[in-house]
Amino acid sequence: MTPLPRWVELGLLPLANISLAFLVAGAVVALIGESPVEAMAVMLKGAFVYDGALGYTLYYTTNFMFTGLAVSVAFHAMLFNIGAEGEAAMGGLGAALVCIALDAVLPGLMVIPIAIAGAAAFGAAWAVVPGWLQARRGSHIVITTIMFNFIAAGVLVSLLSGPLMRAGQSSPQTRDFAEAARLPFLHDIARALGFPATATPLNLSFLIALLAAFGVWVLIWRTRWGYALRAVGHSEGAARYAGIPVPRMVVVAMAVSGALAGCMALNEILGAQGRLVLNFTSGYGFTGIAVALMGRNHPVGIFFAALLFGALYQGGAELDFEFQTITREMVVLIQGLIILFSGALALMFVPALARIFRARAQ
Amino acid sequence: MTELWIDALRILDGSLRLATPLILCAMAGLVSERAGVIDIGLEGKMLAAAFAAAAVASLTGSPWAGMAAALGVAVALALLHGFACITHRGEQIISGVAINILASGGTVVAGIALFRQGGQTPPLMAGERFRPIRLPGAEALADIPVLGPLYAELVSGHTLPVYLAVLSVPLIAWLLGRTTFGLRLRATGEMPLAVDSAGLSVAVIRYRAVVIAGLLCGLAGVFLSTAHGAGFVREMSAGKGFIALAAMIFGKWRPWPVFGACLLFGFLETAAARLQGVTLPLIGPAPVELILLLPYIATVVLLAGFFGRAVPPRALGVPYRKER
């Protein structure tokens, strides 16, 4: 793709892009009149050092892994799924409907797998429609997924302020699920095993996210389907000529992508909250784009990118306490810079680097 | 009868006001996309401009200084989009997403650093905002039946950005449809190779298009924070940039139909606000959420080609690579 040695393309170039994003962010902090080094130290301490900090960091990481994986699967087929936000919201609805319908009838151990399936199925269904419209009717998937985000938000608002609203309450949320129907917190598991642990929202879905990452790796790089998916992404014409049913690939790729995004609800709804609330997706779906870009669409890269964003989110909260003039919104700015430099401007350094390395090769 | 007429005029008046940011952003998107550059960063440019307008108006006391700052900020973001998509042939969608997120975070970061009010600007005084303009004779003519109220309620009494938004439609229609520049711009969006063969620079034409888009989004921002509102509130663009995108598609990338779509979407918003808590005959409580979702649903249905067909410019989203 680029005339660069492999280690430069996969190592140096992404590193240069990320560094530029952080340099600009540092310059903004300096411009505001605070020390970028001090801000970084506060964030690192907030993300890893304080009691329970790591638990919170990994809790955020879980969200970003699901949405990052979701965006990446679609990316492999050259589909921009901007709709992870709406698919995650729908996933939350699916999980909540299962829990509300069944948690009084079935034991928790049976409700949880059905709720997980519900989250994945609702997320997948919400992504399949734009996928089908792109594959069969030629409507641009970016536009339809954006519209679907708004429609999902609207559907959730009307359900949560109407039929699903907790009886005798006026806040837009469902009733609490039965304790047994929730994914257990990891600190509870640790305590049950006899280890002391600080209470954090980190729950079993973190391990499910790791499994999902492994599953995506197998699916994309170790199966016939994954090969076909990447073929569609590299060259649709060649894929069609090789007999790959491109429209069906597009629809299935979006289904997998949507199911992964829907699973973000495992962490928030089945895990941390234990009920369906409004706006629980709070931009994680969009951050998934940054995570996928930074992780170069590979599950290992996505894990580290998700960890970075998890640390930024948790550490960013610490900024609120330590500084008067910089707050956690700084993290949103950093996220924008990362999408800009490692996404839109990803190839900015290629000509310069190519000149350097060609000169050295000669 | 007169009361009904005045009521209808007030609804139209409200629709026009709510449609203003949609019209400006949709025209911006139209110019950019007709030149072949996808612009999903309308929302971000409008939001950043809204902040710049309110912040500078608050610091200097002049809405005009605010407007200059807003246009400057929006054009700077537009140039960033151009730098990524035209110069470096980056992904236009990703660049747009980056601009939206940068604006969302950047406005709050800058707001807290400047004003320390949780990301808002201080409320603007009357002299720091664009006030409604009473057109000459609005009071005197108001008593003339039918036409008098039309002039007084609907035509007169808007702020400057509203009039500029309405003016932008014939202006863009003329620019794209009747000038050499417009012909070249449209050709760049359909078949850049032909433009290149004619000895013109595809990059220069596309840069001009994104700058025009920046200016229009800047005006939309000015409207939000210094004309319609009195100060900047975080996330005050509230998805209007995306509704504008929907209106642009709904109007099939043509100025007058896009204008119509914006008015329609503005009307839906006004209607939803009016119907809040109202019980309709036969239907029951007004489905306000559903009405607010109609623009998005209609756009999806139109794009799917179930009624009519929205065909985007042919070279939309494709970076142009000059042959060597």
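Presented here is a report on the structure given in the accompanying data block. All figures in this text were calculated on a predicted structure; none of them were measured in a lab. (Residues numbered from 1 in each chain as written. Chains lettered and ligands numbered in written order. Predicted model: local features only at pLDDT ≥ 70, side-chain atom pairs only at ≥ 80, totals over all residues. Heavy atoms only, no water.)

### Focus: the pattern of salt bridges
Here comes step 1: As enumerated under the stated definition, the model contains eight salt bridges over all chains in all.
Here comes step 2: Across the salt bridge formed by A:E9 and A:R296, the nearest N and O atoms sit 3.8 Å from each other. Note that A:E9 is positioned in helix α1 (residues 6-32) and A:R296 in the loop between α13 (284-294) and α14 (299-322), a separation of 287 residues in sequence.
Here comes step 3: B:D39 is the salt-bridge partner of B:K45, the closest N and O atoms lying 2.8 Å from each other.
Here comes step 4: B:D39 sits in the buried class, given a relative accessible area of 1%. (Salt bridge = Lys/Arg side-chain N within 4 Å of Asp/Glu carboxyl O. Helix = DSSP H or I, 4+ residues; strand = E, 2+ residues; numbered from the N terminus. Buried < 20%, exposed > 50% of the residue type's maximum accessible area, 1.4 Å probe, protein only.)

### What about unusual backbone geometry?
Here comes step 1: We note that A:N297 has phi near 60°; this positive angle belongs to a residue other than glycine.
Here comes step 2: Relative to the elements of secondary structure, A:N297 occurs in the loop between α13 and α14.
Here comes step 3: Here B:R89, not a glycine, exhibits a phi torsion of approximately 50°, which is positive.
Here comes step 4: Accessibility expressed as a relative area gives 31% for B:R89, which makes it partly exposed.

### Details of helix α1 (residues 2-34) of chain B
Here comes step 1: Of all the bends in α1(B), the largest measures some 40° and sits at B:A19, one to four residues before the proline B:P21.
Here comes step 2: Remark: B:G36 follows α1(B) within two positions and exhibits a positive phi of approximately 100°. (Bend = angle between axes of the 7 residues up to and from the residue.)

### Quick word on the packing of aromatic side chains
Here comes step 1: Within this structure, the stated rule accounts for 17 aromatic pairs over all chains.
Here comes step 2: Taking the centre distance of 6.0 Å and the plane angle of 50° together, the rings of A:Y284 and A:Y313 count as tilted. Taken together, the residues A:Y284 in helix α13 and A:Y313 in helix α14 connect sequence positions 29 residues apart. The residues A:Y284 and A:Y313 share a single accessibility class, namely buried.
Here comes step 3: Ring centres of B:W256 and B:F259 lie 5.9 Å apart, and the angle between their planes is 85°; this geometry places the pair in the edge-to-face category. A residue pair is termed a helical-turn pair when its members lie 3 or 4 positions apart in one helix, as B:W256 and B:F259 do in helix α12 (residues 255-275) at three residues.
Here comes step 4: Grouping aromatic residues by their ring pairs yields a cluster made of A:Y59, A:Y60, A:F64, A:Y284, A:F309 and A:Y313. (Phe/Tyr/Trp six-rings, centres within 6.5 Å; stacked < 30°, edge-to-face > 60°.)

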